Amino acid sequence: MSEVFAAIIPVLAGTVRVAAPLILCAMGGLFSERSGVIDVGLEGKMLAAAFAAAAAAAITGSAWAGLSAGIAIACLMATLHGLATITYHGNQVVSGVAINILAQGLTMVFATAWYHMGGQTPPLDSAARFLPLALPGLLGQSLLVYVALAAVAVTYGVVGHTRFGLRLRAAGEAPEALDAAGISVAWTRYRALLVCGVFTGIAGAYLSLAQNAGFSRDMSAGQGYIALAALIFGKWRPGGAFAACLLFGFLDAVAIRLQGVSLAGVAVPVQLIQALPYILTVILLAGFIGRAVAPRAIGQPFEKEH
Amino acid sequence: MRAKLPRWADLVLIPLANVALAFVAAGLVVLAIGADPFAAVKAMLAGALGDSEAIGYTLYYATNYIFTGLAVAIAFHAGLFNIGGEGQASLGGLGAGLAALALDHTGLGLIVLPAAILSAALFGAAWAAVPAALQAWRGSHIVITTIMFNFLASALMVYLMVNVLIGPDNMSPESRDFGAAASLPLISDWLNAIGIPVLQSPLNLSLLLAAAACVGVWVLVWHTPFGQELRMMGFNPAAAVYAGANPRRITMIAMALSGALAGMVGVNEILGVHHRLLLDFAEGYGFGGIAVALMGRNHPVGIVLAALLFGVLQQGGTELSFAMPQITREMVIAIQGLVILFSGALTNMSRPWFEWPFARFVARAPESLP
Amino acid sequence: MTMKATTAVASEAALELRGIEKRFGAVHANRDVNLKIPAGSISGIIGENGAGKSTAMNIVYGLYQPDAGQILVDGRPVQHANPRAAIANRIGMVHQHFMLVDRFTVLENVVLGMEQGALLKPGLDAARAALLALERDYGLKVNPDAIAGDLPVGQRQRVEILKVLIRGARILILDEPTAVLTPQETEQLFRVLAALKAKGCTVILITHKLREIMAATDLVFVMRGGEVVAERRTADTTREELAELMVGRKVRLDLDKIPAKPGAAALSAEHLSLTGADGVTLLDDINFALHAGEIVGIAGVSGNGQSELLEVLSGIRPPGAGLVTLAWRRITPQHPLGAGAMRKLGLSHVPEDRHRFAMCGPFSAAETSVLGRVRDRPFARSGLIDYGAIADHCMKLMDRYDVRPRRPERVAMHFSGGNQQKLVIGRETAAIPKVLLIGQPTRGVDIGAIEFIHRQLLKLRDAGCAILLVSAELEEVMALSDRILVMSSGRIVGEVAAAEADEKSLGLLMANVRQGEAA
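It should be emphasised that the depicted structure is a prediction, and the values quoted were computed from it without experimental measurement.

Chemist: Where do I start with the overall build of chain C in this structure?
Modeler: Along its length, chain C carries 18 helices and 22 strands. For 519 residues, the compact-globule formula gives about 24 Å, and the C-alpha radius of gyration of chain C, at 25 Å, lands near that figure. Across its three principal axes, chain C shows a C-alpha extent of roughly 75 × 50 × 45 Å. Burial analysis of chain C (519 residues in total) assigns 46% to the buried set. Sequence-distant contacts in chain C: of pairs separated by 6 or more residues, those separated by 24 or more amount to 67%.

Below, the structure is given as structure tokens:
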């Protein structure tokens, strides 16, 4: 019995570690999408933030400087997304894709140009990282993990129970009503995107400062897309998205343990386990999500009829 | 309806302006890493067009971008954003490779090559058909599913190459070499044979396939009733239904054609250049195709021009990273991202800069609304 | 205060517009508009579509900025850079298309924009109390916790009015408020307006419905071509005079109609039903037969299944249950027929919402003129489209239906509403259909084109076509139809011969199932 217990704890710990950046990205995406702006660029923002955080931490030796840099870069890219989609009424999906590709390219360009290490930043020592807190057992997680959990609560409170949240939801459901009430739809959406930038910035910093000791090529590894899938699976609600992120994190943690294991005499291919989150996402998108209702005005640039 | 600019300005000036902006931004990045943008451009152009070998390489890269550009464009016309070009291209290569491995023992190019080309198209189409079906019947957003399928394709290819198709005595995940029958003829060989001396390059018959594909897409989209239904789906699905179209059918056919076109990258790479199955041959062409389609305004003429530009970028970029080592290959990716950004998302940013001079200097007939 | 004293003292206009000018590109929407709305009155602004009435009021409400001119509220010049400024000056506007967030509750909708604080709860509680007070004062009752999207249309409009009142509006502008109401709901609305007037509010009604002006207003201003062309006291004028002023010439409100000679049944429905995706019943056991040579009109407030009926009959949607028969072809849920196949069987369809169905984005007029028929000869030969033949066809259509300008290559969306409609109707009738389904034929169309379209429909009928007409304009249905079916809540609740129909009885039928939702 204690063996099972001993096996579960690391899995749970692994779940939380893997889920943390997912949770942050999903909450960030929630703000953006509930306000009516599709955000495929979670991946790119997180990646860019990871690089910026690692670079800043390497230069200053301070984890907090790294965190700030990560948030700043992600917010910058969020503003770019807003410029394209809100001010210039551009295609929201294309803008997100562009941001992802841009991040992919620019992080490597600057990483190799500045550090000449094939895309990596110099390894960071403990002072420049958010190492796990000195708390017993499962609670011994990095500070940023707790920030991620707090983000869920903050999202729930703000979106559902504040003036900003009401206006944000109106921007996503019926922007013409918000506009008729005299509130700027554009400004509301920009602010939502900025919140998304903050959260994805923290997620990026987590990757390079907490989960690893620096930036490496494409380190976000598609987690931004998984976070987006989790958001949709969670029907754009904080609780649902949080649960989905935990589920995906759990799958990933279990996958590592399942490597090399045989099921009924057949070796489970490593690649299948790695592909599980994606397969699951597709299955979920095909089957169970069919009727989830997106914010009504999502994806359409708001153009005042007048 | 913003009809403040004449149509030609809309179709030519604005895209050119957007591309120019992307390159200005790229130049700034080059400056930021301490290199000289103008030297970089010179090195690029020399590397891409300096001699017949370079031109051959440029055209060979451009061939791939034409295929993926057409793939994205045809789906776009139907209102579908196919981000899965990367995965569809990989699967297309798999299809070509499997046919080659199965049939090259015959020694007959006339049997192996058409079979392999068809196989590539079918595999690519199939890989696109699943997300298409999910969109058509379950309403799953095709952007997300095609992104997922890119990851799935990558995992599948790794598994197959490492465990199933790896050639005997190979250390790296590659299949055995194909027989001579499974090779597409090289353009340089043909030109040399008729007395035009050119250096050898990977440019092969696929270039002609790409040209045929351009013509085929042009005729299909703008000159057939099906093409009109396709375009209606993109503009206004309700009107398409009213006109008698079947949205599901159009989604499936459009995506299948799209996947088949992307799969042709596999033909170029596997049958034209590598002559064996391997990994990562399609890297970058899927997303590059998005940039090419956007820049080319989803029209074959524009796509060819944009593909040529990207061919120059890729070949020039490779040479550039030798000539100026601070600039890595990823700079090309960054430029692609900038092009997508300016051509596809910030499209309307440059518009007012043109509307002002047109409004001031060009006399317009008043909008006649009775 | 006696009535006479009030009118004598009310020289102070609650709202005045002086010399308002507004252009949108080349369109001169408002030309030197001068209006003086007396306080405590119910004034109507009437005019055709495009006459400039909504533009003028949108300027008052701060949605547009005037190019020139002045707005005065209670004698003070004001500038409304946005609706907030207008609201601050006690002006409220209820739009034709409601500005409600369907997923929010009534309370959340009311509070949006005036939440009074960063946290929601205090604002919601205050709004709840305010709504109770308004219910007391004006009799406007609504459930604050109901989800706005679930409410019937009359109630949603009520929420819009409450939104305006809760912000302290003393001048209310209502833009085409009765477009979506049954006659009974319209009466309820007029009672509310009278209550508002009794409390000293000023009400401005924008409408193109002569009947409502006569029934509800004290004063009427007529706008035409962007300017105010006349001002009358309602008691001193007639519908005919107003119509003439609206159009600028004598208008015939009746059509010469020879009696119908109906032939064989061309299209019929038996036990036709349809359920929506969320389980809502859209069509409930529809039975009727449409004969050659007759016009059957379907009366009813929009949203009672008429749109869905047209969609099923035209093949855009398959039937949920029951049977549709066209030209001896049986169409059932198991054997549905798409719109293209229906068209081949001789059915033509002019949809209610031409922008949604009958036209397509950047298509030219030429391409629009063959929408749905592009596979027919001579438009396509051996699989390829013949653009020359299409342009010729379009030109012929334009000549026959007087579509201006005569430029087939021009983008269809750039034509005026009336010309777009003529193009679509021309396209659908050029094929000499056996059955014509036509919805809202004159929506967004100016009066001159309306007459033309009506005459074309009668000509078709006399030539033996079976026409099913859906319109929210009761006058149009009564003028054109030989038989009238009334739809309510997805059912046909009554059939009346046109000669015996009158607004009151039709209105009662239209409200039939909805008696539970009393004032």
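Chemist: So what exactly am I meant to see when it comes to the overall build of chain A here?
Modeler: Within chain A, the regular secondary structure consists of 11 helices and 2 strands. Ordered by position in the sequence, the α and β elements of chain A form the string α-α-α-α-α-α-α-α-α-α-β-β-α. For 306 residues, the compact-globule formula gives about 19 Å, and the C-alpha radius of gyration of chain A, at 20 Å, lands near that figure. Overall size of chain A, expressed as C-alpha extent along the three principal axes, is 65 × 45 × 35 Å. A total of 306 residues make up chain A; the buried ones form 58% of that total.

Chemist: Can you walk me through the environment of Gly464 of chain C in this structure?
Modeler: All names here are of chain C. With respect to the helices, strands and loops of the structure, Gly464 is situated in the loop between helix H16 (447–462) and strand E20 (466–470). Residue Gly464 is classed as partly exposed on the basis of its C-beta count, with 17 C-beta atoms lying within 10 Å. Residues Gly464 and Pro433 lie 31 residues apart in sequence; the distance between their C-alpha atoms is 9.4 Å. Setting aside residues up to four positions removed in sequence, Gly464 forms contacts with Gly263, Ala292 and Gly293.

Chemist: Help me understand the packing of helix H3 (residues 52–77) of chain B against helix H13 (residues 300–323) of chain B in this model?
Modeler: Axes are the key here: two packed helices are described by the angle between their axes and the distance separating the axes. Residue and element names in this part refer to chain B. Running from N to C, H3 and H13 point in directions that differ by 135°, and their axes come no closer than 7 Å. With respect to H13, the element H3 is oriented oblique. Relative to H13, the crossing made by H3 is right-handed. In contact with Ala54, Tyr57, Thr58, Leu59, Tyr61, Ala62, Tyr65, Ile66, Gly69, Leu70 and Ala73 of H3, H13 contributes Pro300, Ile303, Val304, Ala306, Ala307, Leu308, Phe310, Gly311, Val312, Gln314 and Gln315. The class makeup of the residues in the contact of H3 with H13 is 17 nonpolar, 5 polar and no charged.

Chemist: How do you make sense of the pairing of strand E22 (residues 491–497) of chain C when you look at a structure like this?
Modeler: The side chains of a regular strand alternate between the sheet's two faces. Where strand E21 (residues 483–488) of chain C meets E22 of chain C, 6 bridges bridge the pair, whose relative direction is antiparallel. Bridge pairing in E22 of chain C places Met487 of chain C opposite Ile492 of chain C.

Chemist: Would you explain the interface of chain C and chain A in this entry?
Modeler: How big an interface is tends to be stated in terms of accessible area lost as the parts join. Counting from both sides, the interface comprises 21 residues of chain C and, opposite them, 15 residues of chain A. At 3 residues, helix H3 (residues 83–88) of chain C tops the list of elements feeding residues into the side of chain C that touches chain A. Here the side of chain C that touches chain A is built from residues that sort into 11 nonpolar, 5 polar and 5 charged.

Chemist: Would you mind showing me how to read the sheet that holds strand E13 (residues 295–299) of chain C here?
Modeler: Across a sheet, strands are paired by hydrogen bonds formed along the backbone, either parallel or antiparallel in direction. All names here are of chain C. Here 6 strands make up an open sheet; going across it, the order is E16-E19-E20-E13-E21-E22 and the pairing mixed. Pairing within the sheet leaves two strands with one partner each, and these edge strands are strand E16 (347–350) and E22. Averaged over all pairs of adjacent strands, the angle between their axes in this sheet comes to 20°, without regard to strand direction.

Chemist: I would appreciate a short explanation of the interface of chain A and chain B in the present structure.
Modeler: At the interface, 37 residues of chain A touch 37 residues of chain B. Looking at the side of chain A that touches chain B, the elements that each hand over two or more residues are helix H3 (63–87), helix H4 (92–115), helix H9 (223–233) and helix H11 (270–287) of chain A. No other element matches H4 of chain A, which puts 15 residues into the side of chain A that touches chain B. Class assignment for the residues of the side of chain A that touches chain B results in 24 nonpolar, 13 polar and no charged.

Chemist: What exactly am I supposed to notice about the sheet that holds strand E11 (residues 265–275) of chain C here?
Modeler: Residue and element names in this part refer to chain C. Sheet architecture is open: 4 strands sit in the order E12-E11-E14-E15, paired in antiparallel fashion. Edge positions in the open sheet fall to strand E12 (281–291) and strand E15 (329–331), since each of these has one partner strand only. Between one strand axis and the next, the sheet turns through 15° on average, direction left out of account. Sheet topology note: the E11/E12 ladder contains 7 bridges and is antiparallel. If you follow Leu274 over to E12, its bridge partner there is Leu283. Most of the contacts of helix H10 (residues 306–314) go to E12, to which it runs at about 60°, and overall it touches E11, E12 and strand E14 (321–326).

Chemist: How should helix H11 (residues 247–274) of chain B be read in this particular structure?
Modeler: Note on helix geometry: an α-helix contains 3.6 residues per turn, so any two residues three or four positions apart are oriented the same way. Residue and element names in this part refer to chain B. With 28 residues, H11 should reach 40 Å at 1.5 Å per residue; the first-to-last C-alpha distance of 39 Å fits that figure. Burial within H11 is extensive, with 21 of its 28 residues counted as buried. Just past H11, the residue His275 takes up positive phi, approximately 55°.

Chemist: Sorry if this is basic, but what is going on with helix H2 (residues 37–49) of chain B here?
Modeler: All names here are of chain B. For H2, spanning 13 residues, the distance from its first C-alpha to its last is 18 Å, which sits close to the expected 18 Å at 1.5 Å a residue. Listing the buried residues of H2 in full gives Ala40, Ala43, Met44, Gly47 and Ala48. Buried residues along H2 cover an arc of 120° about the axis, so they all sit on one side.

Chemist: Please explain the domain arrangement of chain C as it appears in this structure.
Modeler: Residue and element names in this part refer to chain C. Domain parsing of chain C yields domain 1 (13–90 + 170–249), domain 2 (98–169) and domain 3 (265–516). On a C-alpha basis, the centroid separation for the pair domain 1 and domain 3 is 33 Å. Contacts between domain 1 and domain 3 engage 10 residues on the former and 11 residues on the latter. Among the residues making up the side of domain 1 that touches domain 3, the classes are represented as 5 nonpolar, 4 polar and 1 charged.

Chemist: Can you help me understand the nonpolar core in this one?
Modeler: A general feature of soluble globular proteins is that nonpolar side chains tend to end up buried together. Formed by 393 residues in total, the largest nonpolar core has its most connected members in Ile23 and Ala230 of chain A. In this structure, Ile23 of chain A is in contact with Ala148, Ala151, Val152, Phe242 and Cys245 of chain A, ignoring residues within four places of it in sequence.

Chemist: Please clarify how unusual backbone geometry should be interpreted in this entry.
Modeler: Excluding glycine, a negative phi dihedral is what most residues carry, and trans is how most peptide bonds are arranged. All names here are of chain C. A cis geometry characterises the amide bond from Arg404 onward to Pro405, with omega recorded as 0°. The residue Pro405 is located in the loop between helix H14 (387–401) and helix H15 (417–430) in this model. Its identity is not glycine, yet Asp402 carries a phi of approximately 55°, on the positive side. Checked against the element boundaries, Asp402 lands in the loop between H14 and H15.

Chemist: What exactly am I supposed to notice about the environment of His105 of chain B here?
Modeler: Residues and elements named next belong to chain B. Its location among the elements puts His105 in the loop between helix H4 (85–103) and helix H5 (109–138). Given 11 C-beta atoms within 10 Å, His105 falls into the exposed group. Once the C-alpha coordinates of His105 and Phe361 are considered, the two residues, 256 residues apart in sequence, prove to be 69 Å apart.

Chemist: What is the right way to read the pairing of strand E3 (residues 42–46) of chain C from this model?
Modeler: All names here are of chain C. Of all 5 residues that make up E3, 5 are buried, and the element is covered over most of its length. Going residue by residue along E3, you find Ile42, Gly44 and Ile46 tucked away on one face and Ser43 and Ile45 tucked away on the opposite face as well. Here E3 pairs with strand E8 (residues 202–207) via 5 bridges, running parallel. Counterpart to Ser43 in the pairing with E8 is Ile204. In terms of strand pairing, E3 meets strand E9 (residues 219–224) through 4 bridges, oriented parallel. Opposite Gly44, over in E9, you have Val220 as the bridge partner.

Chemist: Would you mind showing me how to read the packing of H4 of chain B against H5 of chain B here?
Modeler: Residues and elements named next belong to chain B. At a minimum axis separation of 7 Å, H4 and H5 run at an interaxial angle of 145°. The chirality of how H4 crosses H5 is right-handed. Looking at the contact of H4 with H5 residue by residue, the classes come out as 17 nonpolar, 7 polar and no charged.

Chemist: Is there a simple way to think about the environment of Ser321 of chain B in this case?
Modeler: Residue and element names in this part refer to chain B. You can see Ser321 is positioned in helix H13. C-alpha of Ser321 to C-alpha of Ala43: the two residues are 278 residues apart in sequence and 9.4 Å apart in space. Every residue in contact with Ser321, bar those within four places of it in the chain, is listed here: Ile327, Thr328 and Arg329.

Chemist: Even after reading the chapter, I still don't get the confidence of the model for chain C, so can you show me in this structure?
Modeler: Residues and elements named next belong to chain C. Summarising the model, chain C shows a mean pLDDT of 84, and 93% of its residues fall at 70 or more. Confidence scores differ between elements of chain C, with helix H1 (residues 3–9) showing the lowest mean pLDDT of 37 and helix H4 (residues 106–111) the highest of 94. Taken together, the stretch residues 1–10 has pLDDT below 50 and engages in 5 contacts with residues farther than four places along the chain or on a different chain. Ignoring residues within four places in sequence, the model shows residues 513–519, a span with pLDDT below 50, making 6 contacts including any to other chains. This prediction of the complex comes with two scores: 0.82 for pTM and 0.85 for ipTM.

Each value, and the rule that gives it
Residues numbered from 1 in each chain as written. Chains lettered and ligands numbered in written order. Predicted model: local features only at pLDDT ≥ 70, side-chain atom pairs only at ≥ 80, totals over all residues. Helix = DSSP H or I, 4+ residues; strand = E, 2+ residues; numbered from the N terminus. Rg over C-alpha atoms; globule rule 2.2 N^0.38 Å. Buried ≥ 20, exposed ≤ 12 C-beta atoms within 10 Å, placed from the backbone. Contact = placed C-beta atoms within 7 Å. Axes fitted to C-alpha atoms, helices over the stretch in contact; angles between N-to-C directions. Parallel < 35°, antiparallel > 145°, perpendicular 65-115°, else oblique. Left-handed = near helix turned anticlockwise from the far one by under 90°. Nonpolar A, V, L, I, M, F, W, Y, C, P; charged D, E, K, R; others polar. Pairing = 2+ DSSP bridges. Expected span 1.5 Å × (residues − 1). Arc of directions from axis to C-beta. Domains from an automatic or database assignment. Core = buried A, V, L, I, M, F, W, Y, C linked by C-beta atoms within 7 Å. pLDDT = per-residue confidence, 0-100.

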